[in-house]
Amino acid sequence: MTTNKTRKLIATIFTAEDMQKIRCMNRAELTAEEQFCLDLFVLGYYTGGMSLRDLAYLTADKIEGSFLNCETASYPKGTKMKLNSEFMKIIDRYKSDTCDNYLLPIFTQEDNTQSKQERRLEQVAAMMEKTFYKIETITGFEKLTWYEARQAYVDYRLRQGDSVTELYQMLGDAVLEVDEYYWNHPELGSQLPRGMRNIY
């Protein structure tokens with residue numbers, strides 16, 4: 001954890017409320033491909049900031065009841081994550097387009113070697129960047145990246161009453177940034193269920 005001597009100014013973060021605005025944006029302004037990218041971004045939020053690579057390799061057997069088994073994921077650091085109905089709605093939306101037991105149609109039948117899968121991930125990442133730019137234009141948000149999904153999830157968990165100490169073990173440095181933000185803006189502490197005590 002940071003101390004008062006090591007704290008730095010964090011002017012803003014991407015909050016759970018910001019993510020809600022993007023989730024509810026007018027999808028009619030997006031192409032089918034862009035809507036898929038938007039859904040990937042939202043799934044990144046629901047999974048605590050899981051990377052595009054880890055999402056791509058998720059298979060149906062990773063869903064265990066109402067939990068997602070994250071043991072093989074590089075992030076978040078944990079064994080299982082509670083899923084919500086919105087996560088499952090997105091998964092169901094693309095079920096008919098998937099192959100080889102993958103949860104999402106990121107890979108196709110042609111992506112049957114490691115090199116082809118790496119190339120496909122690069123293509124989807126490029127699609128994501130273009131989609132982020134379009135979402136920025138529509139919503140007014142600036143410089144969206146995959147990392148914002150991670151920040152928003154941390155903010156959501158803090159607002160649910162989890163502490164920084166509890167979250168850091170699973171979510172790493174993104175937690176420290178949100179922690180810094182609330183330290184720099186103590187007037188926002190009332191938004192946390194335990195006030196600024198959430199930092200402990």
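What counts and how
- Residues numbered from 1 in each chain as written.
- Predicted model: local features only at pLDDT ≥ 70, side-chain atom pairs only at ≥ 80, totals over all residues.
- Heavy atoms only, no water.
- Helix = DSSP H or I, 4+ residues; strand = E, 2+ residues; numbered from the N terminus.
- Buried < 20%, exposed > 50% of the residue type's maximum accessible area, 1.4 Å probe, protein only.
- Contact = heavy atoms within 4.5 Å.
- Areas by Shrake-Rupley, 256 points an atom, 1.4 Å probe, with all protein chains shown as cover.
- Polar contact = N/O pair within 3.5 Å; in protein donor to acceptor, adjacent residues only side chain to side chain.
- Axes fitted to C-alpha atoms, helices over the stretch in contact; angles between N-to-C directions.
- Nonpolar A, V, L, I, M, F, W, Y, C, P; charged D, E, K, R; others polar.
- Phe/Tyr/Trp six-rings, centres within 6.5 Å; stacked < 30°, edge-to-face > 60°.
- pLDDT = per-residue confidence, 0-100.

**Details of the overall build of the protein chain**
- Looking only at helices and strands, the protein chain features eight helices and three strands.
- Ordered by position from N to C terminus, the α and β elements of the protein chain give α-α-α-β-β-β-α-α-α-α-α.
- Counting all 200 residues of the protein chain, 50% fall into the buried class.
- Taking the intrachain contacts of the protein chain between residues at least 6 apart in sequence as the baseline, contacts between residues at least 24 apart amount to 62%.
- Working note: accessible area of the protein chain is about 10500 Å², and carbon and sulfur atoms make up 50% of it.

**Examining unusual backbone geometry**
- For Asn-101, which is not glycine, the phi dihedral falls at a positive 70 degrees.
- Looking at where Asn-101 falls in the secondary structure, it is placed in the loop between helix H4 (85–93) and helix H5 (114–139).
- Backbone geometry places Lys-143, a non-glycine residue, at a positive phi of 50 degrees.
- With respect to the helices and strands, the residue Lys-143 is situated in the loop between H5 and helix H6 (147–159).
- Residue Lys-143 is classed as exposed on the basis of its relative accessible area, which comes to 70%.

**Structural notes on the side chain of Ser-51**
- Mapped onto the elements of the fold, Ser-51 is located in the loop between helix H2 (32–46) and helix H3 (52–56).
- Taking relative accessible area as the criterion, Ser-51 reaches 18% and is therefore assigned buried.
- A polar contact is formed between the side chain of Ser-51 and the backbone nitrogen of Asp-54, at a distance of 3.1 Å.

**As for the packing of helix H7 (residues 164–171) against helix H8 (residues 173–184)**
- Packing of H7 against H8 brings their axes to within 7 Å, and their N-to-C directions diverge by 145 degrees. Contacts between H7 and H8 pair Val-164, Leu-167, Tyr-168 and Leu-171 from the former with Asp-173, Ala-174, Val-175, Leu-176 and Asp-179 from the latter.
- Broken down by class, the residue content of the contact of H7 with H8 amounts to seven nonpolar, no polar and two charged.

**Some details on the packing of aromatic side chains**
- For the coordinates displayed, the defined rule picks out 11 aromatic pairs.
- Taking the centre distance of 6.4 Å and the plane angle of 55 degrees together, the rings of Phe-14 and Phe-41 count as tilted. On the criterion of sequence distance, the pair formed by Phe-14 in the segment before helix H1 (16–23) and Phe-41 in helix H2 is long-range, its members being 27 residues apart. You'll find Phe-14 and Phe-41 in the same group, each marked buried.
- Following the ring pairs from residue to residue traces out a cluster consisting of Phe-14, Phe-41, Phe-132, Phe-141 and Trp-146.

**Digging into the confidence of the model for the protein chain**
- Per-residue confidence for the protein chain gives a mean pLDDT of 85, with 86% of residues at or over 70.
- The low-confidence segment residues 1–7 (pLDDT under 50) makes 11 contacts with residues lying over four places distant or belonging to another chain.
- Predicted confidence for residues 195–200 stays below pLDDT 50, and this span has 19 contacts to residues more than four positions away or in other chains.

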